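One letter stands for each residue in the lines below.
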Amino acid sequence: MAKTIKSIEERIEDWCKKQFAGQKYYTKTDFINSEIESALEKAPSKQGGSGKNYPDIKYLLTVENCRRIPVMIEVKGKNGCLIKVNDKGEVDNTKKNLEPNYQNISKYAVNGAVHYANAILSFTDSYKEALAIGVNGYDEAKTEIHEVDVWYVSKDNLFVPKHVGIYEDISFLLKDNAKTFIEKIDALVLSPEELEERKLALEDEIERKLKALNQNLHDEKQIVVNNRVQLVAGLIMAGLGAEGVQPLRIEDLTGKTDKEDNDGQIIMSKIRLYLSHKKLPKEKIEMITDILKVVFLQSGLQNPDEGGLSKLHSIYADVKHDILPYVTGELHNIDFTGRLFNVMNEWVAVPDGGENDVVLTPRYVTELMARLCEVNMNSYVWDFATGSAGFLISAMHHMIDDAKQKISSPHKLEEKISHIKMEQLLGIEKLPDVYMLAVLNMILMKDGSANIIQGNSLEYDGNYKQGDLKDTPFPANVFLLNPPYSADGKGFVFVEKAFCKMTHGGRAAVLIQENAGSGNGLPFTANILKNNTLRASIKMADIFCGKASVQTAIYVFEVNRPHNAENDLVRFVDFSNDGYTRMNRKKSGQSVNLRDTDHAKERYDEVCKLVLYGKGANDKNLHYFKDCYTEDYITLSGNDWTYGQHRKIDTVPTEEDFQNVVREYLSWKVGQVLKGENGLGK
């Protein structure tokens, strides 16, 4: 019978504590502060159930400028219990099906510490970074072996643990050594490739959770389609909380039946408080609450069942456990509600949906279009069919990144970012359900929803509609659009309308049905050229695979400058091979349905450079589009904008063509000889 090895965890924990040398640390049951303790209580335990998390040792690493980094230390006391990694060397806290691997989290020191660090980042507002330290010890040949493994987890790195290093002890945390240690962790950032990979992984996780929630709403709760978007959006707002506003708790929904005191009223009260503390304009708050009260106060979902619980209670429990963790952290440029819409577009009952073509643009395309318009921190961006605000989120991402590169003062940077979110983005959406998606998305992006307007773009006067700037012109200089293709001119009616109001000039990128540029967009395409210049025409790949059967193109414009048919060369690109392989498996996530199989990132970079700068003096700058790019003139008729109408076919034979003909002829001749033809025998 194998001998049971006794754990020396308590001894190792004492060894750790002694090294703090009088500096304040916190044990399992010590109270570090209300925000951290609340986060450890809200997150699933390391076994996966409810109940508080108890790190063995907690510490606040304090450095210059009052920067405080929570440190979670988990201790084990057996050989082999330090860490479990996957085949990529990453902390293995997730199964292949993307569910948390609680077996690893509870068994291994580093895995448990990372779990605690993630809990703090997911359920607090004050902390954007944390340290996860696994400590393990065991006896070997009468010697006590100590293992210390340190990982850094941050919102900037999208919760991806970055390895700091292996240490002999924890003296690096002490005041005398902290500065050097901080310099080391500040250098741990995700590469662009790692960042994109993590975004895709997060989007896959979001898809999986949303699909499960949608299935439950359909099968178990039998929630009608029209109520689902408002339901989830409202529950997320109620569950987020804000400064001075306690997030909605599951136990707050007790199933009361009083007209003024029931689960629906409790949720609406939390939503109103949340929106008020976000300092949204009064008009915006009234508009949002008028939409949401239909589902929370008038649908019957607030009424308790025989067990005394309402459907709102059980649905919120699912949202709190499965959805809120993804929206309380830093999602950066992830279009959360765009994922929600694309995964479950049946949530939104669109009148005449087949005609309106309500399909949201993929994030990699919104990113490309923002780049084509050279969006920067001083851009004023609007979208006349905003959907879930995916274009505005991509633009905001570029604007904030540009501000971070150009503004060195933290105070001025903060002011600029606030100005970008509150005054430099504007979207208009006609459909109430989709409008709620846009509002929620921009709120999740930290208060950029002030200028999301519900209304008809064709009746819009070009002014701010809320806040201090109400009724003053929005100074748009960037226009991004994917219009409903059933509208006049395949949607170009929106383009003409917007351009007429862009008195400051600027850039525009329009994703539209390609044949709108070959005559189906008339008379709007011809009218547009009278005051605006077509700069580029990009034939797109099947970006709406399985969602809409249309051939699309991106048309790029310089606004407020008439097109000169004799001098303005247009850049035409065939981008039908964009490097992605697409599938339409409804039960699969994005990592299956959209795969980079042929240098997609590099192809998107090259297309962007071609549109902005041309190919240059020769073809050396063309790695992927040598035979798929041309420059040509168009007429002012507005019906010759597509790549196919300007494709150059080289009819001059090359030496290689001659060799191929000779090779084919000789092959044929030899075949005839072998068959015994031409009188050469049998």
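Refer to the structure presented above.
Notes on the structure follow. (Residues numbered from 1 in each chain as written. Predicted model: local features only at pLDDT ≥ 70, side-chain atom pairs only at ≥ 80, totals over all residues. Heavy atoms only, no water.)

**Observations regarding helix α15 (residues 390–406)**
A turn of α-helix holds 3.6 residues, and therefore any two residues three or four places apart point the same way.
And then number 1: With 17 residues, α15 extends 25 Å between its outermost C-alpha atoms, agreeing within 8% with the 24 Å of an ideal straight helix rising 1.5 Å per residue.
And then number 2: Burial of α15 is extensive: 12 of the 17 residues sit out of reach of the surface.
And then number 3: Gly390, Phe391, Leu392, Ile393, Ser394, Ala395, Met396, His398, Met399, Ile400, Asp402 and Ala403 are the residues of α15 that are buried. (Helix = DSSP H or I, 4+ residues; strand = E, 2+ residues; numbered from the N terminus. Expected span 1.5 Å × (residues − 1). Buried < 20%, exposed > 50% of the residue type's maximum accessible area, 1.4 Å probe, protein only.)

**Thoughts on the sheet that holds strand β4 (residues 129–140)**
And then number 1: Taken together, the six strands give an open sheet; going across it, the order is β1-β2-β3-β4-β5-β6, and neighbouring strands pair in mixed fashion. For this open sheet the edge positions go to β1 (26–27) and β6 (162–167), each flanked by a neighbour on one side alone.
And then number 2: As defined by bridge partners, strand β3 (residues 67–76) adjoins β4 across six bridges and the pair is classed as parallel. Its bridge partner being in β4, Lys76 is matched across the sheet by Asn136. (Pairing = 2+ DSSP bridges.)

**Quick look at helix α18 (residues 492–501)**
And then number 1: Among the residues making up α18, those that are buried are Phe492, Val493, Phe494, Val495, Ala498 and Phe499.
And then number 2: Considering only its buried residues, α18 is in contact with β9 (381–383), β12 (478–481), β13 (506–513), α19 (524–529) and β15 (552–559). (Contact = heavy atoms within 4.5 Å.)

**Some details on the nonpolar core**
For soluble globular proteins, nonpolar side chains are generally found buried alongside one another.
And then number 1: If you look at the biggest cluster of nonpolar residues, it comprises 138 residues, and the most contacted ones within it are Met237, Phe479 and Ile554.
And then number 2: When residues in this core are grouped by element, the largest group, nine residues, is from helix α7 (residues 225–240).
And then number 3: Ignoring anything within four residues of it in the chain, the contact list for Ile554 reads Val365, Leu368, Met369, Leu372, Ala509, Val510, Leu511, Ala536, Ser537, Ile538 and Met540.
And then number 4: Within the second largest apolar cluster, 29 residues are counted, among which are Phe20, Tyr59, Leu61 and Val71. (Core = buried A, V, L, I, M, F, W, Y, C linked by side-chain atoms within 4.5 Å.)

**Focus on a nonpolar patch on the surface**
And then number 1: Among the surface-exposed residues, Phe658, Val662, Tyr665, Leu666 and Trp668 lie close enough to one another that they form a single nonpolar patch of about 540 Å² accessible area.
And then number 2: Structurally, Phe658 is set in helix α22 (residues 655–674). (Patch = residues over 30% accessible without salt bridge, like charges linked within 9 Å, V, L, I, M, F, W, Y side chains within 5 Å. Areas by Shrake-Rupley, 256 points an atom, 1.4 Å probe, with all protein chains shown as cover. Salt bridge = Lys/Arg side-chain N within 4 Å of Asp/Glu carboxyl O.)

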